[in-house]
Amino acid sequence: MTPATEPVRPVDLQAVRSQFPILGRKMNGQPLVFLDSAASSQKPVSVLEAMDQYYLTRHANVHRGVYQLSQEATEAFEQARRAVQGFINAASDREIIFTRGATEGINLVASSFGRQFFKPGDEIVLSRLEHHSNIVPWQLIAEQTGAKIRVAPINEAGELLLDEWEKLLNERTKMVTIAHVSNALGSIFPVEELIAKAHERDIPVLLDGAQAVPHLPVDVQALDVDFYVFSAHKMYGPTGIGALYGKEKWLDAMPPYHGGGEMISNVTFEKTTFNELPFKFEAGTPDMAGAVGLEAAILFMEGIGLDTIRQHDKTLLDYATEKLLSVPDLKIFGNARQKTGAVSFLMGNHHPYDVGALLDQQGIAVRTGHHCTQPLMDWYGIPGTVRASFGVYNNLEDIDRLVAGVERAARMLG
Amino acid sequence: MNEIQEEIIDEFSLFGDWMEKYEYIIELGKTLPLIDEQYKTDDHLIRGCQSRVWLHAGLKDGKVEFTADSDAVITKGLIALMIRVLSGQKPEDVAKADLYFIDRIGLKEHLSPTRSNGLLSMVKQMKLYGVAFAARGEDSDIY
């Protein structure tokens, strides 16, 4: 029996960091401090080796070959799908669609679900905190179908105003779409509550999990979420692949997104019938090596332990918040009670570009700008922020270097 | 024009480390010939992804005069350097200017298209003004 209070094993930073040779590089003559994992994490050797091994020993086109090698490639690809299924605890591997990433997942749902179900006057409810990827695809389908976008407000801390959000739900609401974790501020939204309230009104919910899966355990069945999207490259996997989870009842009811090979059952010039799930949504030769890399990334994270990763992130975030707040004139944007992965700030009145450029000179990689959340930055009335975001390989020394770097930048900028 | 570029290269060669260099750039930002407030409009805005740059050009006694501003001080300093080289030059010289000093003083990365600070677009715009004034051939303001 394992008591729930058993302490979480701490991360073995030396072992983890040794998996990331890139962290040994110097930038502008200084040892690299990489604090931009929310944009894209670095990749452990194990992910690269898995992809190499796939190409070196198991590659052929999948699903069609009668020969052994093609069957092995197919098995590698489908095993990766089952790994994703297990990672987010989906009920069936038929509900896991490989995509190019979270952005494509949202576009797929917006386009296929929207074409099938949106009518003029219908409404899509999202939040002010959304990444452009969770705004623009809905604008495109809204334009085509006559549906409307409704935007739920947030408070100064970067938390969703639940009551205001709930007031937007009505009989015309056909989709609720929201970030699980904000990329710009790190806020964790109360998604269980949102999903329950949306489902009371039979409204499906899509969660943009791009910033959640690197830090939080996700269980799509426990959440009872309708759609969940994420990208491999933000969770130590390769670029160019991600996954869409969709409840089978929705995926079955939605028309295909792209047409091509693999997604068909029978093609004549008069009438084409489509393949079953998940292949209906995977036109063309898929990214097999990417899928294998994603599986290796899942194994990497599970090897460390998702609870350990969560706790390490909390340690980094708490330490960074405390240290940054000790810098005079530094203001943190986003003080949600529940946060993970990132801290966004401005140094006095200095432009984030200036601070970022001076940090770069000190070997510290942070993101500056609007983080693809212009409506949020406009709401705060700022051009952008400096965002430091964390991976499992970051240590407290990285935070100390960041804080010293920010202090030095502030002195130089006057 | 190249004399000015050599002068800048000499100045920057004196700096021992990146801090001195950037402190100088930040100081230069304060000397930037500022754009008249009436021109600080969207028409004069050069959209970079992060820092915004406003640029105005006029032709006086056959020479191009630039004024500008930016919301980021490092960007302002770099614009001040460009203006020091390109302002007071003949339009045709501005149009075909080879701004090699940027590379030589180790600031090339700021002009990279991936840097998205609006500087590269600004240099293009400055040269376009040169082309436009050369074609027009008389003193005037553009915009």
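The coordinates are above.
## Section: the overall build of chain A
- What chain A contains, in helices and strands, is 14 helices and 17 strands.
- Over its C-alpha trace chain A gives a radius of gyration of 22 Å, about what one expects of a compact globule, namely 22 Å for 414 residues.
- The principal-axis extents of the C-alpha atoms in chain A amount to approximately 70 × 55 × 50 Å.
- A burial count over chain A gives 57% of its 414 residues as buried.
- Counting 37 positive and 50 negative side-chain charges, chain A places the centres of these two groups 4 Å from one another.

## Thoughts on the packing of aromatic side chains
- Scanning the entire structure with this criterion turns up 22 aromatic pairs over all chains.
- Aromatic side chains A:F118 and A:W138 sit 6.4 Å apart centroid to centroid with 40° between the ring planes, which places their arrangement in the tilted category. Taken together, the residues span a long stretch of sequence, with A:F118 in the loop between α4 (102-117) and β5 (123-127) and A:W138 in helix α5 (residues 136-145) at a distance of 20 residues.
- According to the relative accessible area criterion, A:F118 is buried, its value standing at 6%.
- Grouped by ring-pair contacts, the aromatic residues A:F113, A:F117, A:F118, A:W138, A:F227 and A:W250 constitute a single cluster.
- The positively charged end of B:K40 is found above the aromatic ring belonging to B:W54, 4.8 Å away from the centroid.

## As for the side chain of A:N170
Residues and elements named next belong to chain A.
- When you line up the elements, N170 lands in the loop between α6 (162-168) and β7 (173-179).
- For N170, the side chain forms a polar contact with the side chain of E123, separated by 3.1 Å.
- Within the structure, N170 has its side chain in polar contact with the backbone nitrogen of R172 (distance 2.6 Å).
- Here N170 is in contact with E123, R150 and I203, once residues within four sequence places are set aside.

## So, unusual backbone geometry
Residues and elements named next belong to chain A.
- The omega torsion across L277 and P278 is -5°, close enough to zero to call that bond cis.
- Among the structural elements, P278 can be located in the loop between β12 (272-274) and α10 (288-304).
- Not every positive phi belongs to a glycine, and D224 is a case in point at roughly 60°.
- Among the structural elements, D224 can be located in the loop between α8 (220-223) and β9 (227-231).
- The exposure class of D224 is partly exposed, given its relative accessible area of 34%.
- With phi around 75°, E262 is a residue other than glycine that occupies positive phi space.
- Here E262 lies in the loop between α9 (248-253) and β11 (264-267).

## Quick word on the nonpolar core
- Within the largest apolar cluster, 79 residues are counted, with the highest numbers of intra-cluster contacts made by A:I88, A:W165, A:L207, A:V225, A:Y228, A:F230 and A:L294.
- A total of 11 residues in this core trace back to one element, the largest contributor, which is α10(A).
- Once residues lying within four places of it in the same chain are set aside, the contact partners of A:V225 are A:I195, A:V205, A:L207, A:V220, A:Y245 and A:K247.
- Residues A:A388, B:I46, B:V85 and B:V94 belong to the second largest nonpolar core, which totals 72 residues.

## Focus: the interface of chain B and chain A
- Contacts between the two partners involve 17 residues from chain B, matched on the other side by 14 residues from chain A.
- When chain B packs against chain A, close to 1500 Å² is buried across both sides, 60% of that on carbon and sulfur atoms.
- Applying the counting rule to chain B against chain A returns 0 salt bridges.
- At the surface where chain B touches chain A, the tally comes to 4 residue pairs in polar contact (both at pLDDT 80 or more).
- Residue assignment for the side of chain B that touches chain A shows that the elements contributing at least two residues are α2 (18-30) and α3 (73-86) of chain B.
- Looking at which element gives the most residues to the side of chain B that touches chain A, the answer is α2(B), with 5 residues.
- Its residues assigned to classes, the side of chain B that touches chain A shows 8 nonpolar, 5 polar and 4 charged.

Rules used in this analysis
- Residues numbered from 1 in each chain as written.
- Chains lettered and ligands numbered in written order.
- Predicted model: local features only at pLDDT ≥ 70, side-chain atom pairs only at ≥ 80, totals over all residues.
- Heavy atoms only, no water.
- Helix = DSSP H or I, 4+ residues; strand = E, 2+ residues; numbered from the N terminus.
- Rg over C-alpha atoms; globule rule 2.2 N^0.38 Å.
- Buried < 20%, exposed > 50% of the residue type's maximum accessible area, 1.4 Å probe, protein only.
- Lys, Arg positive; Asp, Glu negative; His and termini not counted.
- Charge placed at Lys NZ, Arg CZ, Asp CG, Glu CD.
- Phe/Tyr/Trp six-rings, centres within 6.5 Å; stacked < 30°, edge-to-face > 60°.
- Lys NZ or Arg CZ within 6 Å of the ring centre and 35° of its normal.
- Polar contact = N/O pair within 3.5 Å; in protein donor to acceptor, adjacent residues only side chain to side chain.
- Contact = heavy atoms within 4.5 Å.
- Core = buried A, V, L, I, M, F, W, Y, C linked by side-chain atoms within 4.5 Å.
- Buried area = accessible area lost by both parts, 1.4 Å probe.
- Salt bridge = Lys/Arg side-chain N within 4 Å of Asp/Glu carboxyl O.
- Nonpolar A, V, L, I, M, F, W, Y, C, P; charged D, E, K, R; others polar.

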